[in-house]
Amino acid sequence: MAFALRQESVALLIASLLAAFISLQAIYVAYVGPWDIAYGRNMLVCAAIVIALLTKPAVDPRGKASSPAKFLGLALDLVLIGVIVAASIGFTQVAYLMERTRDIFSDYDVWISIAGCGVILEATRRYFGMSMVVIALLALLYCFFGQNLPGFLSHSGISLERAMETIWYGHQGVFGTP
């Protein structure tokens, strides 16, 4: 029980610090002006996802799950946090390169963006349930397999690289304007 309280306290402390960072950032933007979209919005989304993962863990540390299940839940949450941080850093690196060159996406860029989307879907599932996740997955299925549908439902198709360029690295996707 002591480990569960310690784990929960650390998670809440980190979540509180990130929430304070988001608040200070909002005050900064109100007085100074907005950050460059390529560097500001991804940090905020990353912080929000980390807060979501910390405040709604995979396995409740005070629940009745066994110790190995609690440990695996904690490990899963730490991996998910690491993935979303890496994917957000990848967004910043690709955005920087796209400003200065005609960046060609590497396989790493594509796979880290897929992993980042997966973490966002998991955070969405934890807070809003499976209905939002199913809608997002159906949209992705249509994106990749819509060229096989009949009639007006069909489209010309899209590659995985182009889809991730739009969904993750473009300003029309995850880090785009509402």
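This is a predicted model, so every value here is computed, not measured.

K.L.:
Tell me about the overall build of the protein, and name the residues and values.
P.N.:
What the protein contains, in helices and strands, is six helices and zero strands. Each helix (α) and strand (β) of the protein, taken in turn from the N terminus, gives the series α-α-α-α-α-α. Taken over 178 residues, the protein has a buried fraction of 30%. Counting contacts in the protein only where the partners sit at least 6 residues apart, residues at least 24 apart contribute 67% of the total. Surface accessibility of the protein: about 10,900 Å² in total, with carbon and sulfur atoms responsible for 71%.

K.L.:
Please set out the side chain of S113 residue by residue, giving values where relevant.
P.N.:
Among the structural elements, S113 can be located in helix α4 (residues 107–128). A polar contact of 2.6 Å, which involves the side chain of S113, links it to the backbone oxygen of V110. Not counting chain neighbours up to four residues away, the residues in contact with S113 comprise M164, W168 and Y169.

K.L.:
Explain the pattern of salt bridges to me, and be specific about the residues and the numbers.
P.N.:
Inspection of the entire model under this criterion finds three salt bridges. Overlapping salt bridges, with partners in common, bring together D77, E122, R125 and R126 in one network.

K.L.:
I'd like to hear about the packing of α4 against helix α6 (residues 160–169), residue by residue, with values.
P.N.:
Orientation of α4 relative to α6, taken along the N-to-C sense of each, is 55°, at an axis distance of 9 Å. Looking at the two axes, α4 sits oblique to α6. The two elements α4 and α6 meet at a crossing, and its hand is left-handed. Contacts between α4 and α6 pair D109, V110, I112, S113, I114, G116, C117 and I120 from the former with L160, E161, M164, I167, W168 and Y169 from the latter. Across the contact of α4 with α6, the residue classes tally to ten nonpolar, two polar and two charged.

K.L.:
Could you give an account of the nonpolar core, naming the residues involved and the relevant values?
P.N.:
Counting 27 residues, the largest nonpolar core has I49, L53, I84, W168 and Y169 as its most contacted members. Contributing elements (two or more residues each) for this core: α1 (2–32), α2 (37–55), α3 (67–100), α4 and α6. Excluding residues within four positions of it along the chain, L53 makes contact with D77, L80, I81, V119, A123 and R126.

K.L.:
With reference to specific residues and values, describe the state of the cysteines.
P.N.:
Considering all chains together, one arrives at zero disulfides under this definition. The thiol of C117 is unpaired, and the distance to the nearest cysteine sulfur, on C143, comes to 11 Å. Under the relative-accessibility criterion, C117 is labelled buried at 15%.

K.L.:
An account of a nonpolar patch on the surface is needed here, citing residue identities and associated values.
P.N.:
A cluster of nonpolar side chains, namely F21, L24, I27, Y28, Y31, V32, W35 and M43, defines an oily patch on the protein surface of about 850 Å² accessible area. Per-element tally for the nonpolar patch: the top contributor is α1, with six residues. Locating I27 in the fold gives a position in helix α1.

K.L.:
Before we move on, could you go through the side chain of N42 and cite the residues and values that matter?
P.N.:
Structurally, N42 can be placed in helix α2. Looking at N42, its side chain comes within polar contact range of the side chain of T92, at 2.5 Å. In this structure N42 touches S88, F91, T92 and F175, once residues within four positions along its chain are discounted.

K.L.:
Let's hear about the confidence of the model for the protein: which residues, and what values?
P.N.:
When pLDDT is averaged across the protein, the result is 86; 95% of the residues are at 70 or more. Ranking the elements of the protein by mean pLDDT puts α1 last, at 82, and α4 first, at 94.

K.L.:
Kindly report on the packing of α4 against helix α5 (residues 130–145), identifying the contributing residues and their values.
P.N.:
For the pair α4 and α5, interaxial distance at closest approach is 7 Å and the crossing angle is 145°. Residue-level contacts link L121, T124, R125 and F128 of α4 to M130, S131, M132, V133, A136 and L137 of α5. A per-class count over the contact of α4 with α5 returns seven nonpolar, two polar and one charged.

K.L.:
Describe α4, with residues and values.
P.N.:
An α-helix turns once per 3.6 residues; consequently, residues spaced three or four apart project the same way. The end-to-end C-alpha separation of α4 is 31 Å, in line with the 32 Å expected for 22 residues at 1.5 Å each. Following α4 by one or two positions, G129 adopts a phi angle in the positive range, close to 90°.

Reading the values: rules and limits
- Residues numbered from 1 in each chain as written.
- Predicted model: local features only at pLDDT ≥ 70, side-chain atom pairs only at ≥ 80, totals over all residues.
- Heavy atoms only, no water.
- Helix = DSSP H or I, 4+ residues; strand = E, 2+ residues; numbered from the N terminus.
- Buried < 20%, exposed > 50% of the residue type's maximum accessible area, 1.4 Å probe, protein only.
- Contact = heavy atoms within 4.5 Å.
- Areas by Shrake-Rupley, 256 points an atom, 1.4 Å probe, with all protein chains shown as cover.
- Polar contact = N/O pair within 3.5 Å; in protein donor to acceptor, adjacent residues only side chain to side chain.
- Salt bridge = Lys/Arg side-chain N within 4 Å of Asp/Glu carboxyl O.
- Axes fitted to C-alpha atoms, helices over the stretch in contact; angles between N-to-C directions.
- Parallel < 35°, antiparallel > 145°, perpendicular 65-115°, else oblique.
- Left-handed = near helix turned anticlockwise from the far one by under 90°.
- Nonpolar A, V, L, I, M, F, W, Y, C, P; charged D, E, K, R; others polar.
- Core = buried A, V, L, I, M, F, W, Y, C linked by side-chain atoms within 4.5 Å.
- Disulfide = S-S within 2.5 Å.
- Patch = residues over 30% accessible without salt bridge, like charges linked within 9 Å, V, L, I, M, F, W, Y side chains within 5 Å.
- pLDDT = per-residue confidence, 0-100.
- Expected span 1.5 Å × (residues − 1).

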